[in-house]
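Here is how the chains run, residue by residue.
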Amino acid sequence: MKPARPKRTRLRDKAKSATPTLSDERLKAVQDAIGHKFKETGLLVRALTHPSAVGNGDAVRDSNQRLEFLGDRVLNLVIAERLIERRKTESEGDLAPRLNRLVKKGACAEAVRHLKLQEFILLSDGEIASGGRERESTLGDACEAVIGAIYQDGGLSAARKFIEKGWAPQFASAPAETKDPKTLLQEWAQGHGLPLPDYNVLSRSGPDHEPMYEIEASVSGRGAAVATGPSKREAERSAAALLLKSLAGTP
């Protein structure tokens with residue numbers, strides 16, 4: 001009769017057996033939806049694994065958190081490059097709110113819904129019961145992780161192809177003109193549960209007929225930016241645009 005294995009070994013084996021996975025059929029289905037055939041399918045499984053699904057495993061190693069970090073950077077690069085190529089006459093102040101709109105968590109969640117990837121995300125029973133499969137942050141994180149996985153498996157061109165496919169409806173509906181930067185900054189703050197932006201006049205110079213205002217725009221706890229303009233309104237708009245640029249991609 002074989003001696004019983006130590007308890008620590010049994011627990012370790014239990015944790016290993018609990019590692020999330022997808023059947024071959026579901027792996028094929030999700031790759032078809034994504035439009036990329038993985039050389040290393042383990043990357044895809046990890047990208048779709050929410051931390052709650054890891055159980056006794058290592059959440060840093062086995063969940064999608066690290067791939068999400070990578071994918072966020074790849075997404076910002078691809079979208080910024082796309083805007084530069086297609087908006088040749090727009091300034092940084094015009095491009096920043098466009099970038100922010102297309103890389104925010106809600107845009108990523110919308111891409112997941114467009115490709116119907118939410119059904120493939122691996123979640124714990126408790127997370128599913130609490131509505132995790134429809135939660136914007138969960139979908140957005142998974143989307144960024146998938147981008148990171150594609151980038152590691154197939155490079156930047158493969159990641160760009162996925163983004164073009166997933167964001168197609170959002171690209172098609174992009175407004176010809178952007179909203180006022182102050183409006184966009186206010187929406188960003190409200191979307192992140194933060195107080196409304198503050199605008200403070202730092203200085204006023206020049207003669208009465210040709211004044212120059214220096215104004216600081218700030219969002220509590222998230223940063224500030226300073227810009228100048230011939231009127232308070234113009235300076236506030238420029239400062240808001242600069243702050244939006246610095247906040248682009250911020251979770």
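Look up: the structure comes first, before these words.
Residues numbered from 1 in each chain as written. Predicted model: local features only at pLDDT ≥ 70, side-chain atom pairs only at ≥ 80, totals over all residues. Heavy atoms only, no water.

Caption draft 1: View of helix α12 (residues 181–191). By the burial criterion, the buried members of α12 are Pro181, Leu184, Leu185, Trp188 and Ala189. Seen from one end, α12 has its buried residues packed into an arc of 135°, which puts them on one side. Each element contacted by the buried residues of α12 is listed here: α6 (92–103), β1 (198–205), β2 (212–219) and α13 (232–247). At the C-terminal side of α12, Gly193 shows a positive phi close to 65°. (Buried < 20%, exposed > 50% of the residue type's maximum accessible area, 1.4 Å probe, protein only. Helix = DSSP H or I, 4+ residues; strand = E, 2+ residues; numbered from the N terminus. Arc of directions from axis to C-beta. Contact = heavy atoms within 4.5 Å.)

Caption draft 2: Representation of the packing of α6 against α13 in the model. One can describe the packing of α6 onto α13 by two numbers: an axis separation of 8 Å at closest approach and a directional angle of 45°. Between α6 and α13, the interaxial angle falls into the category oblique. Classified by chirality, the crossing of α13 by α6 is left-handed. Between α6, through Glu92, Gly93, Ala96, Pro97 and Asn100, and α13, the contact on the second element is made entirely by Ala241, Leu244, Lys245 and Leu247. Across the contact of α6 with α13, the residue classes tally to five nonpolar, two polar and two charged. (Axes fitted to C-alpha atoms, helices over the stretch in contact; angles between N-to-C directions. Parallel < 35°, antiparallel > 145°, perpendicular 65-115°, else oblique. Left-handed = near helix turned anticlockwise from the far one by under 90°. Nonpolar A, V, L, I, M, F, W, Y, C, P; charged D, E, K, R; others polar.)

Caption draft 3: The arrangement of the pattern of salt bridges in detail. In the structure shown here, the tally under the stated rule is 16 salt bridges. Across the salt bridge formed by Arg86 and Glu85, the nearest N and O atoms sit 3.5 Å from each other. On the basis of relative accessibility, which here comes to 48%, the residue Arg86 falls in the partly exposed class. The partly exposed category is assigned to Glu85, whose relative accessible area is 44%. Across the salt bridge formed by Arg87 and Glu90, the nearest N and O atoms sit 3.7 Å from each other. Through salt bridges with shared partners, a single ionic network connects Glu68, Lys105, Asp141 and Glu144. (Salt bridge = Lys/Arg side-chain N within 4 Å of Asp/Glu carboxyl O.)

Caption draft 4: Structural detail: the packing of α12 against α13. Put simply, α12 and α13 touch, their axes get as near as 8 Å, and they point 45° apart. It follows that α12 is oblique to α13 by the angle criterion. In terms of crossing hand, the pair formed by α12 and α13 is left-handed. Contacts from Pro181, Lys182, Leu184, Leu185 and Trp188 in α12 reach Glu236, Arg237, Ala240, Ala241, Leu243, Leu244 and Leu247 in α13. Its residues assigned to classes, the contact of α12 with α13 comprises nine nonpolar, no polar and three charged.

Caption draft 5: Up close: the state of the cysteines. According to the stated counting rule, one finds zero disulfides in the structure shown. Looking at the unpaired Cys108, the closest cysteine sulfur is the one in Cys143, lying at 4.7 Å. (Disulfide = S-S within 2.5 Å.)

Caption draft 6: Structural view of α6. Compared with an ideal rise of 1.5 Å per residue, which puts twelve residues at 16 Å, α6 spans 16 Å between its outermost C-alpha atoms and is within 8% of the ideal. Buried residues of α6: Leu95, Ala96, Pro97, Arg98, Leu99, Asn100, Leu102 and Val103, and no others. Next to the buried residues of α6 lie α5 (65–86), α7 (105–115), α9 (136–154), α11 (168–172), α12 and α13. (Expected span 1.5 Å × (residues − 1).)

Caption draft 7: Quick peek at the sheet that holds β1. Taken together, three strands build an open sheet; the order of strands is β1-β2-β3 and the sheet is antiparallel. A single partner strand is all that each edge strand has here, and the edge strands are β1 and β3 (223–229). On average, adjacent strands in this sheet sit at an angle of 20° to one another, irrespective of strand direction. Its contacts with the sheet place α13 against β1, β2 and β3, and it is angled at close to 140° to β3. (Pairing = 2+ DSSP bridges.)

Caption draft 8: Inspection of the side chain of Thr49 at higher detail. Of note, Thr49 is situated in the loop between α3 (41–47) and α4 (59–62). When residues no more than four places from it in sequence are discounted, the contact partners of Thr49 are Pro20, Val54, Asp62, Ser63, Asn64 and Leu122.

Caption draft 9: Representation of the nonpolar core within the structure. Within the largest apolar cluster, 48 residues are counted, with the highest numbers of intra-cluster contacts made by Ile79, Ile147, Phe162, Ile163 and Trp167. Those elements that place two or more of their residues in this core are α2 (24–34), α3, α5, α6, α7, α9 and α10 (156–166). At eight residues, α9 tops the list of elements feeding residues into this core. In this structure, Ala239, Ala240, Leu244 and Leu247 belong to the second largest nonpolar core, which totals 14 residues. (Core = buried A, V, L, I, M, F, W, Y, C linked by side-chain atoms within 4.5 Å.)

Caption draft 10: Highlighting the pairing of β2. Here β1 runs beside β2; their pairing, made up of seven bridges, is antiparallel. Along β2, the bridge assignment pairs Ser205 with Met212. Taking the residues that link successive antiparallel strands as the turn, the β1-β2 hairpin has six residues, and the phi of Gly206 there is positive, at about 85°. Bridge count between β2 and β3: seven bridges; the pairing is antiparallel. Directly across from Glu216, in β3, lies its bridge partner Val226. Turn length for the β2-β3 hairpin, with the two strands adjacent in sequence and antiparallel, is three residues, and the turn residue Gly221 shows positive phi of about 80°.

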